[in-house]
Structure formats: C-alpha cells, structure tokens
Amino acid sequence: GSSDERTRTGMSPESLKRAFVDSMFYVQARYWEVATPHDLYMAAAYTVRDRMLERWIRTAETYRKADARTVCYLSAEYLLGPQLGNNLINLGIVDSARQGARDLGIDLQEILDQEPEPGLGNGGLGRLAACYLDSLATLSIPAIGYGIRYEHGIFDQKIVDGWQVEDCDLWLTNGNPWEIPRPLLRYPVRFGGHTEPYTDEHGRFRVRWVPELDLYGMAYDTPVLGFGNDNTNLLRLWHATAGRSFDLQAFHKGDYYGAVNAKVGAENITKVLYPNDEPEVGKELRLKQQYFFVSCSLQDMVRVHLQHAPNLEGFHERFAAQLNDTHPSIAVAELMRLCLDEHGMDWERAWEITRRTFAYTNHTLLPEALETWPVELFGRLLPRHLEIIYEINARFLDELRMRYPFDPERVARMSLIEEGPVRRVRMAHLATVGSFAVNGVAAIHSELVKSTVLRDFHELWPEKFHNITNGVTPRRFIQLSNPDLCGIITDLAGPGWARDAENLRTLEPHADDAAFQQRWQAMKRAAKERLAARIREATGAVVDPQSLFDIQVKRIHEYKRQHLNLLHIVALYHRIKQGTDSDPTPRTFVFGGKAAPGYFMAKLIIKLIHSVAEVINRDPEVNQRLRVVFVPNFNVKNAECIYPAADLSEQISTAGKEASGTGNMKFSMNGALTIGTLDGANVEIRDAVGHENFFLFGLTVAEVERTLAEGYRPWEYYRSHDELREVIDLLRSGLFSHGDPDLFRPLTDSLLQHDPYLLLADYPAYVEAQARAGDAFRDPAGWTRMSILNAARTGFFSSDRAIREYCRNIWQVEPMPVSLAA
Ligand code: 26M
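Nothing here was measured: the structure is a model prediction, and the numbers come from that model. (Residues numbered from 1 in each chain as written. Predicted model: local features only at pLDDT ≥ 70, side-chain atom pairs only at ≥ 80, totals over all residues. Heavy atoms only, no water.)

**Observations regarding the environment of V425**
Here's step 1: Within the fold, V425 resides in strand β16 (residues 424-426).
Here's step 2: Separated by 390 residues in the primary sequence, V425 and P815 place their C-alpha atoms 37 Å from one another.
Here's step 3: When neighbours within four sequence positions are excluded, V425 is seen to be in contact with E371, T372, W373, V375, F378, L386, I389, L416 and I417. (Helix = DSSP H or I, 4+ residues; strand = E, 2+ residues; numbered from the N terminus. Contact = heavy atoms within 4.5 Å.)

Take a look at the structure:
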C-alpha cells in the first residue's frame, strides 16, 4: 500500500524514522535494547539504500529505452570512501536524517563513524575514479563503472615504534549494505592452455583458444547517486569464483582435495588490492586480476549491445570505454578476440570497432611505473591475446616502416614489444595504438606525455592527444567534509554552487570584508580544533589550533619529497637551538600517507618523520614553536577531517614527476594556501588563484632537465650551503635515532650521492618560500584574504568540469536526465 511505499521512499524525518526502525527489525533482526552501534549504522544504511533504488531502476529504464550512448569507465581501483554521508547529501536528506536520528536519541555522526571505508584503491588514481563516478551521475551521463571487488582493499597502516606495519583491511567482514550481489550475472573467464587453427564452415581460417582453466566473474552492483538530479548510475565490481571445471577435475582425477585447492586458487584472484607503486610484486596474480575484470566487463557490454543489435557492428557507437591508466589496456586485445573468435568478424572490421571504442588516460611518466609484462608470462596466461597483440604489432610496424622507411630505430621504439634479454609487452603502447584518444591529467603533464613517453606516437597522430586536467568532487570535499564552509558559501552564493562550482567566485568580492573574514577564520579555527582532537585521539600528541597547520598528506614516495619537508623542519629546529631563529610563527607540521609495503626508502621516511617528531615534541625549548605529527592510516575518512584544517598545503614534488595531484585541489578549495613547485596541476592552481596567493619555489621542468644533463652533483650543494650541511649532519649524528648514526644513512647517502629528485638543489628555494609563508601567516587579514581567494577561484578543479570535457572532447556523449515524476 502507499504507506508501505512511503516507508521505503519518504524523505521526511518521520518517514526516515519509521523506515529506520523497520530496517532494524526486518533487516538487522534486532531490537533496540541489544542494538550495537554497528546495527544502527546498518539500519541507517538500508534506510538510505531503499531511497536510492527507485532512482536507480528508473535510471536503468530511461537509459535502456533511449538506447543511450554509455560511458564505461574501466578502472582497477575505486577509492570510494564512506558511502552513507555522501548518499545523504546526494539525496538531499542530511537535515531530515539528523532530525530523525535526534528524535530517536541518536547522534547521526556516531552512526557515520561506524562505516568501514571501501578502500579499493591506492591513492590519487583510485580516488579520481570515485570522483568521476560522482560527477558522471550528477551530470546525468549514462555511465557504468567497471572494476574489481577486492575482498581486502588497501592495507590498514599501523605505526609501531615509528615504523609502518601493514594490517589487513577488513571492509567486508561485517557486511556491505551498499552492494547488491547478482549471483546470476556471471561470466566465464579463461586462462592458460594453447591455441589451435581450424577452418570454419565457410572455409575461413580461424583460431580457437583451448584454455586450461576457467573461472567465473560474478557482479556486485553499487548504486551511485547524482547530486541535485534523479540519475543514479551503476558501479559494477567483479568477484571471482571457481567454475564447474574444477569440480569435474576432481571427478576425473579422483583428487578431491587437489581440486578444492585449485578452486581456492581461482577465488584468490579478487582477494587483495596490489599497491601500485611497488615495482616487482605479485606479478602474475596482478595480470590475472586485470584480465579478469576486463573480460567480465567487455562480456557484459557485449551482452547489453546484443540486446539491441544482431551483431557487434556499432559496438563503438553504443559505448565509449575509458582506460584508467594501462591496468585495463588488455581490453584492446580482448575486444579483438571477442570480435574475431567469438563473433566471426574479419580483422579489419574488428580493429576499426576496437580502436573506436577505447580512450586511454595516462597517469604517470615515471619510467619505473610504465607497465610492461614479460612475453613469457603473458603467453602462458593469455596465449591467444599474445597472438593478437603480435598481429596488431605486425600490422602497425608495417605501417610505420612505410611511413618512416629510413628510421628503423623509431620503428623499434614504437613497437608494442620491447626487445632485450627479456622481451616484454608495452602496455602503454598497446593502449595508445588501440585507442581513439589519449589524455594526460594536467596541462604540463599532457605536454610531457607528448614530448617524452609517447613522443613518437604524438608525431604520428597529433590529433589523438588531449589534456583533461583532473578534478575533485565538491560534494565530498567541501559539502561533506567542511559543513561550516558549505554554510558560508551557501549563504552568499545560494545552494547552486555544489552543482556549478564556478559560483564559488561569489566569495571573491568579500575577501577583504572584516565581518566575512571573521566568519572565515572561525570556520578554519573550528576545523583545526576538530583535527587537533582527532590527532590527540590517534597519537596522543597535543597540538595548538592557533599555530600554522602545515600539512603534507599523500602516498609516501621519494619523488613527492616528504623528506624535503623534513629538511626544513630540522632546519627550523636547528635555528631555535642555535638561537638564530627569525621566523617566530608557531607551526604544526602534519604528515600522513602510506608507503608501499616493499618500498624501503618510503618506510624509512615514515620512521624519520616519527623520529624528528619525537625529538622536537618533547623539547620544551622547541615545542612551544614547533610540533610534528604523523596521522596514521591516511584514508578517505581521515582526509575529510584533514583538508579543511590546513593553512598550508605541501605540494613539493620535483617538477615533471607528479602527473597532476588532486590533494592540491582539495586543500585549495578548503582555503589552504599552497607551497609548491611548478608540477602537475599546481601550475594551473597557481594561475587560477593568482600568483600572489601561492608560495612558489623550485626548479622548473626545463631546469631539472638541464641540471641533470649537466651532471648534477648534490654534494656541492651540501658543501657550499652551511645550514643544509648542518641539517644533513644532524640526521647523520644519531640525534634523531637514539645515538645510532646509521639508521637514516640510506636516506642521507642517497641524497648526497645521487639525489635523483633534486632535493638539495631545491632546498634553498624551499626554505626561502617557507619563510615567506611564515611571515604571511603573521598577518591574519592578509592571510585570510588569500585563503578566501583560493577557495573562490578553484571552481575549475571540480570533477564536474573535468567530466564535461571528457564528454565533449573525448566521449561524445550527451546527458540523459532521469525524472522520477514521470
Ligand atoms: C610504480 C613503481 C615504482 C614507483 C612508482 C610506481 C607508480 C607511480 C605512479 C605506479 C603508478 C603510478 O601512477 C598511477 C597513479 O596513481 N598516478 C596518479 O594519478 C593521479 C590521478 O590522475 C594523479 O593525480 C597523480 O599525480 C598520479 O601520481
């Protein structure tokens, strides 16, 4: 009846309350007196989920009826973060929910805190995919996110004696209310075996793949709400289960336990997320994961296509498939295989459809990060795909030889196969050749893609190359994480800014208004107090919300130069101890970030942060002016508390190394000023906020190149710069390592001997920029003005703008609004 229906769809506090009580009983099977906080969370989540389903189903119906062109975002990572708060915002029922909870004597925040976060990503790349899902739905774009349902996402970081210790992520153990299992939506995925030629019934030469192993991918669907509309898109994640063949094996061989073991092996494919910045780990399983999710996703797309069409002709008109880095680029070979082997298409037609389906986003220029797979491994797991890649390559190289008859070196450079003692498949080349568009993720990065890693390809196909500067969703990173800022903006700009971030400019004329500045400062102050409380809870450290909060949170990596930040901190310490300090601005340095488990230097940097913190924080001569804290387990939940509290955002990578960065945008939108290099999106952030509102330092990309080309000698900086030498000598003195001069030797040796990321070359400029920042902070009105202007001028970095650009310039897809009313 209609009252039942309202229980599932009504948005008033009354309806939400009724639904919540109902879910507690009928879904959680609990009554009040015994309900745990987790039960409260589950009941709330189901209450909210019910309210998403009508939209979701209506959306599927609308897209299907319209036969709408659909974006398929293929990504091995989605760093979604907690869902409940975000879904309340996108449904527009935060106030209703808070009221309903209060009526029941429950604090909504306590419920929100219960949610374990789906950390199905490593960092920037995975979080970008999550922001893009939010924007796709918000812009009413028909879109499906395809990925992997890892049982264990990114590890939990614990700190023991200053060292990182990894702990298993258990996000699924208490159940995931947001996903809907689809046990009947399964596709077979095959591995291994061999190929054999045969002649089909028309007398044509064909190839058959006789695999050794097959398993199934089962779909788990998560609805993704748009904000301010009724569109609700689909995130479809694949879970691996063993196929029937495993049972048959046992039957034939009489080896029951052996067969069960093999089955367990098959199910391992979606067991765990791999850290992306670890060069040589988990090789084989990682390639299996990639092929597994790509194969399931393409089979799913083919199934949908064949509901509307008799064959695969026109597949590229129905779908635009975006490859989020090279991780899913095996899709190029898999779609070819489906067209050729399973749908009997000829090569030319199959290749045409394939190349018109895919577009590829590059997310890194670091040579050690460019994905290649040994041909031997590839051929063992995917013999048919290797054949197809060889054939793509043979035809491509023929074309190249025709075009560049006197340049065999160029032809070899562009080959999909790297020749050498170990022959390897170059996944970036496969993605580039198999796509109609290639893009970088910030203006400077896209230029570097064209002039470095894909230079030859750019010369061949200049029109294929694009830039789409990354963006982040203002719903999660302003509205959800910074409610006070949200209130300020809404009072001035009206509620429209959350769908049109350019409206943030409404703040600009108020940058010097004293009353407005006061409100702004109170907002910042409250956020800093919340972070201080969180830090105290997590680490026991006490920090002063009045001090300058100077924050660097991101994955720990030498190219991101957390240790450059540390050199500056040790310099400040040293000056205070020497009595030569001229920067009396009290500062709290906050660090956070995970190191890849096998990346020794990154782990040593974490240890050094803790060691410096220990010495500084307990020294009464210093700790009134400086505090250093490391927030353990930096994840989306912690991030939401950190960005709003920052005064100064550290974006200090070596120029040319950070493809874009997205944390830089989140900080700036929340009114932090940036101290940064001309790297990634920093360049565009600085242009957007005004050069006078950004603390720039460091070598440019061209200067980095020149410095390295001329034979960079870091020890000359050490020799000639007194303070730098004293700082490095302190690190080597044992002062920060209980007298052990060797503990940080690997770090200081690396800096003095090679310093591949030019910390010493950039050190003087960094310290000088820090002094400017410290001085500026002592003028509250001036600082607040700059803070306001940062927030006002960063609307460009909304992921809505980025997705609009993808839609227009790459995907050629139009919005398809959904109406619940109809
Ligand atoms: C691999 C081995 C050894 C060292 C590093 C790596 C490695 C580094 C980067 C592997 C993959 C990497 O790139 C993927 C990635 O996460 N890129 C990030 O993508 C974000 C979204 O576009 C950008 O904002 C970041 O700048 C970029 O690093």
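Moving on, there is more to tell.
**Topic: the domain arrangement of the protein chain**
Here's step 1: Taken domain by domain, the protein chain holds domain 1 (67-82 + 117-469 + 806-811) and domain 2 (474-792).
Here's step 2: One C-alpha centre belongs to domain 1, the other to domain 2, and the line joining them spans 35 Å.
Here's step 3: Taken together, the contact between domain 1 and domain 2 spans 41 residues of the former and 46 residues of the latter.
Here's step 4: Overall, the association of domain 1 and domain 2 removes approximately 3,400 Å² of surface from exposure, summing both partners, and the carbon and sulfur fraction of that is 58%.
Here's step 5: Linking domain 1 with domain 2 are 3 salt bridges, by the criterion used here.
Here's step 6: Here K603 and E166 are joined by a salt bridge, their closest N and O atoms 2.8 Å apart.
Here's step 7: The tally of links between domain 1 and domain 2 comes to 20 residue pairs in polar contact (both at pLDDT 80 or more).
Here's step 8: Contributing elements (two or more residues each) for the side of domain 1 that touches domain 2: α7 (124-138), β5 (156-160), β6 (163-167) and α18 (443-451).
Here's step 9: Residue composition of the side of domain 1 that touches domain 2, by class: 18 nonpolar, 14 polar and 9 charged. (Domains from an automatic or database assignment. Buried area = accessible area lost by both parts, 1.4 Å probe. Salt bridge = Lys/Arg side-chain N within 4 Å of Asp/Glu carboxyl O. Polar contact = N/O pair within 3.5 Å; in protein donor to acceptor, adjacent residues only side chain to side chain. Nonpolar A, V, L, I, M, F, W, Y, C, P; charged D, E, K, R; others polar.)

**A word on the pairing of strand β9 (residues 205-210)**
Here's step 1: Across 6 bridges, the pairing between strand β8 (residues 194-199) and β9 is antiparallel. If you follow Y198 over to β9, its bridge partner there is R206.
Here's step 2: Joining the antiparallel neighbours β8 and β9 is a turn of 5 residues, in which G203 adopts a positive phi near 80°. (Pairing = 2+ DSSP bridges.)

**Brief notes about the site of the ligand**
Here's step 1: With respect to spatial proximity, 20 residues lie near the ligand, and among them H363, N470, E658, S660 and G661 are the closest.
Here's step 2: Between the ligand and N470 there is a distance of 2.8 Å, counted from an oxygen atom to a side-chain nitrogen or oxygen.
Here's step 3: For the ligand, an oxygen atom lies 2.8 Å from a polar atom in the backbone of G661.
Here's step 4: The fraction of the free accessible surface of the ligand (600 Å²) that becomes covered by protein chains is 92%.
Here's step 5: Looking at the shell around the ligand, you find at least three residues from each of domain 1 (67-82 + 117-469 + 806-811) and domain 2 (474-792). (Near = heavy atom within 4 Å. Areas by Shrake-Rupley, 256 points an atom, 1.4 Å probe, with all protein chains shown as cover.)

**Brief notes about the nonpolar core**
Here's step 1: Judged by nonpolar contacts, the single largest core of 188 residues is most densely connected at F292, F378, I392 and W811.
Here's step 2: Ignoring sequence-local partners within four residues, the contact set of F292 consists of V189, F191, L215, Y216, G217, W238, H239, A240, I269 and T270.
Here's step 3: A442, A501, I642 and A791 belong to the second-largest nonpolar core, a separate cluster that totals 52 residues. (Core = buried A, V, L, I, M, F, W, Y, C linked by side-chain atoms within 4.5 Å. Buried < 20%, exposed > 50% of the residue type's maximum accessible area, 1.4 Å probe, protein only.)

**Quick look at helix α34 (residues 799-811)**
Here's step 1: For α34, built from 13 residues, the straight-helix expectation of 18 Å at 1.5 Å per residue is missed by more than 12%, its first-to-last C-alpha distance being only 16 Å.
Here's step 2: Of the residues making up α34, those classed as buried are S799, D800, R801, A802, I803, Y806, C807, I810 and W811.
Here's step 3: Measuring from the backbone nitrogen of D800 back to the side-chain oxygen at the start of α34 gives 3.0 Å, which picks out S798 as the cap.
Here's step 4: Q812 sits one or two positions beyond α34 and adopts a positive phi of about 55°. (Expected span 1.5 Å × (residues − 1).)

**Description of the sheet that holds strand β15 (residues 417-418)**
Here's step 1: The antiparallel open sheet is built from 3 strands, whose spatial order is β14-β16-β15. The open sheet is flanked by β14 (372-374) and β15, the only strands paired with a single partner.
Here's step 2: Sheet analysis places β14 next to β16, joined by 3 bridges and oriented antiparallel. Residue P374 lies in a different strand from β16, and its bridge partner there is R424.

**Here we look at the side chain of D755**
Here's step 1: Its location among the elements puts D755 in the loop between α31 (745-753) and α32 (759-777).
Here's step 2: Among buried charged residues, D755 stands out as having no salt bridge; its nearest opposite-charge side chain is R561, 6.7 Å away.
Here's step 3: Within the structure, the side chain of D755 is placed 3.0 Å from the backbone nitrogen of L759, a separation counted as a polar contact.
Here's step 4: Setting aside residues up to four positions removed in sequence, D755 forms contacts with Y712, P714, S750, L760 and A761. (Lys, Arg positive; Asp, Glu negative; His and termini not counted.)

**Structural notes on a nonpolar patch on the surface**
Here's step 1: A cluster of nonpolar side chains, namely Y256, Y257, V260 and V264, defines an oily patch on the protein surface of about 440 Å² accessible area.
Here's step 2: The residue V260 is located in helix α9 (residues 256-267) in this model.
Here's step 3: Judged by its relative accessible area of 32%, V260 is partly exposed. (Patch = residues over 30% accessible without salt bridge, like charges linked within 9 Å, V, L, I, M, F, W, Y side chains within 5 Å.)

**Here's the deal with the pattern of salt bridges**
Here's step 1: If you walk through the whole model with that rule in mind, you get 67 salt bridges.
Here's step 2: For the salt bridge of E459 with R410, the shortest nitrogen-to-oxygen distance reads 2.7 Å. Linking E459 in helix α19 (residues 455-460) with R410 in helix α16 (residues 408-414), this pair joins segments that are 49 residues apart in sequence.
Here's step 3: According to the relative accessible area criterion, R410 is buried, its value standing at 13%.
Here's step 4: As a salt-bridge pair, R455 and E459 come within 3.3 Å of each other at their nearest N and O atoms. Taken as a pair, R455 and E459 lie in helix α19 at a separation of 4 residues, close to a single helical turn.

**Description of α7**
Here's step 1: For α7, which comprises 15 residues, the first-to-last C-alpha distance of 21 Å matches the rise-based estimate of 21 Å (1.5 Å per residue) to within 8%.
Here's step 2: Counting buried residues along α7, 14 of its 15 residues qualify, which places the element largely inside the surrounding structure.
Here's step 3: In the segment just after α7, S140 is the residue with positive phi, at about 60°.

**Re the sheet that holds strand β4 (residues 143-148)**
Here's step 1: Pairing is mixed in the open sheet, where 9 strands are placed in the order β7-β10-β11-β4-β1-β12-β13-β17-β18. Of all the strands in the sheet, just β7 (180-191) and β18 (465-467) have a single pairing partner and so form its edges. Each strand axis lies, on average, 25° off the axis of its neighbour in the sheet, ignoring direction.
Here's step 2: Relative to strand β11 (residues 232-242), strand β10 (residues 213-225) runs antiparallel, the two being bridged by 11 bridges. The residue bridging T222 from the neighbouring strand is L235, located in β11. (Axes fitted to C-alpha atoms, helices over the stretch in contact; angles between N-to-C directions.)

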